Amino acid sequence: MNEGARKTMELQRQVRHNATEYQNAVKNLYSWEKDIKSKEQTIKNAANATAKNNVPVRSYVEKKEEKTAKPISPSGSAAGTPTEKQDLPVDLVAQQHKKANDIKDRGNTYVKKGDYDHAIEAYTEAVDVYPYDPIYFSNRALCYLKKEDYNSCVEDCEAAIRLDKLCAKAYYRRMQANESLGNNMEALKDCTSVLAIEPKNVEAKTSLARINNRLRANATKGGPNFTPDRPDLVDILPLDKPAYKRSKKPMRRVPIVDIVSPRATSNNNTNQLRISDDDIDKIFNSYCGAFEEVKNNTKPKLESNPIETPALKLPEHTSNSLNPDTEVAQKKAAKPTINNSPALTSQTEASAADGPVERALPPQPMNTAQFYITWKELSPAQKYKYLKSIEIPNLCKILGAGFDSDTFTDLLHTIQEFYVPNKEPTTAAVLYEISKNEEFVILAMLMSTEEKNIISSIMTELKKWTKNTTILAKLTKAYNVD
């Protein structure tokens, strides 16, 4: 066999091999197309079954199905198969929610016009279409509240709360309805729930004060929540501390012991009331036993000018009826003692004959929180010494982001009343270091007339005995004084 015949045979063999591979590829392609058609038919049948089982949201659903249900072309090409997006299953839940929102918007328009009857009809229709959104119930509750149908309002609010436990509007409107129905305790609970969800809700705070006043006014004498007014009682109000004054320690549970004393008889004869020594120990001494006098000769102040500590008094209606053992314990408690009880210490300091005892000068503050906690408790003279103890380069950092107008005013008064009369050489440096604080820009813009006068007087005195003109020019620019 010559070379030409051999090449011809090789070429024919290669052609036959290529034809076989092409035939197999075409068979695979037809098989894939058949599978795609089968899957599309399955999806279309599922969509038809869903549409038959559910109420159609739009009237054109059936027409759309008729248009898409076209016969497959006999050629079997991919162009004749239904592959458009509209042939996929429709999210009926989303469409129902959208339709309900449209109806709700119509109800909102009625509410703005004051047409609450039509608004209730619109919200009811929205609930029928999609009963899983609490807004529809809370909005309809508002309409019932305006129509003074308080029972229906409460029912709608409860339905909204079942769907959303944090629906503040539902709690607030149920509070209003309960308050109108005279259910003050239920209204108080709802108002507390609103404040727990939205602590800055001003309307809820006002309502809480109003409901509490009504509960106090409606309380009957001798009832479980009734406490008669007494001149020796002081209301303890909550403290609104700034962030830098709040404790960073984790909270812990504190056991509370209720001590129930005998209730007075109907004829208000309080002389029959008796309190035992054990009860006094529980109330005033934290189960530490009776007070014992401890003599300490290391405190000459107690010897030269002893501080009379008032006896731990019980309420007025019980003071005349103590038994002899109680009176002895009370006389012992009246003597100067050293005790770790904070209540006793505070009473001793508050009732000292010489006035409040001035605290010792604290050490130099190490951080911003320590400075502000200490600063507010010092007298003017102590503030002067405390401010002098702070290194001037650290003053701006110690003032920090909590630098407020009250502290700024205190600093100006301290400089005017102590630094200037003593001609402290660091007066200008202290003023300049204060002006470096980031909060100073706002404080300088909001300075009162009194503060501007203080700055002017300080600058006038500084110019008399300060030779550093550079720092004076910086202070004049920072404090915007002539």
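- As named in an unreviewed UniProt entry, the chain is RNA polymerase II-associated protein 3, taken from Drosophila willistoni.
- Here the chain is described in UniProt, under the heading Sequence similarities (unreviewed entry), as follows: "Belongs to the RPAP3 family."

**What to know about a nonpolar patch on the surface**
So, point 1. On the surface, Val-441, Ile-442, Met-445 and Leu-446 cluster together to form a nonpolar patch covering roughly 470 Å² of accessible area.
So, point 2. The residue Met-445 is located in helix α20 (residues 440-445) in this model.

**Examining the packing of helix α7 (residues 168-181) against helix α8 (residues 184-197)**
So, point 1. It is at 8 Å that the axes of α7 and α8 come closest, and there the two elements cross at 160 degrees. By the angle class used here, α7 and α8 are roughly antiparallel. Crossing geometry of α7 relative to α8 is assigned as left-handed. In this structure, α7 contributes Ala-168, Tyr-171, Tyr-172, Arg-174, Met-175, Asn-178 and Glu-179 to the contact, and α8 contributes Glu-186, Ala-187, Asp-190, Cys-191, Ser-193, Val-194 and Ile-197.
So, point 2. For the contact of α7 with α8, the per-class residue count stands at eight nonpolar, two polar and four charged.

**Some points on the packing of aromatic side chains**
So, point 1. With the rule as written, the count across this model stands at nine aromatic pairs.
So, point 2. On the numbers, 6.0 Å between centres and 10 degrees between planes, the contact of Phe-371 with Tyr-386 is stacked. Within this pair, whereas Phe-371 is found in helix α15 (residues 368-375), its partner Tyr-386 is found in helix α16 (residues 380-389), the two being separated by 15 residues in sequence.
So, point 3. Owing to a relative accessible area of 0%, Phe-371 belongs among the buried residues under this scheme.
So, point 4. Relative to Phe-408, the ring of Phe-403 lies with its centre 6.0 Å away and its plane at 85 degrees, an arrangement referred to as edge-to-face. In terms of burial, Phe-403 and Phe-408 fall into one category: buried.
So, point 5. An aromatic cluster of at least three residues, connected via ring pairs, comprises Phe-371, Tyr-372, Trp-375 and Tyr-386.

Parameters and conventions
- Residues numbered from 1 in each chain as written.
- Predicted model: local features only at pLDDT ≥ 70, side-chain atom pairs only at ≥ 80, totals over all residues.
- Heavy atoms only, no water.
- UniProt positions renumbered as here; feature names shortened; annotations may be inferred.
- Patch = residues over 30% accessible without salt bridge, like charges linked within 9 Å, V, L, I, M, F, W, Y side chains within 5 Å.
- Areas by Shrake-Rupley, 256 points an atom, 1.4 Å probe, with all protein chains shown as cover.
- Salt bridge = Lys/Arg side-chain N within 4 Å of Asp/Glu carboxyl O.
- Helix = DSSP H or I, 4+ residues; strand = E, 2+ residues; numbered from the N terminus.
- Axes fitted to C-alpha atoms, helices over the stretch in contact; angles between N-to-C directions.
- Parallel < 35°, antiparallel > 145°, perpendicular 65-115°, else oblique.
- Left-handed = near helix turned anticlockwise from the far one by under 90°.
- Contact = heavy atoms within 4.5 Å.
- Nonpolar A, V, L, I, M, F, W, Y, C, P; charged D, E, K, R; others polar.
- Phe/Tyr/Trp six-rings, centres within 6.5 Å; stacked < 30°, edge-to-face > 60°.
- Buried < 20%, exposed > 50% of the residue type's maximum accessible area, 1.4 Å probe, protein only.

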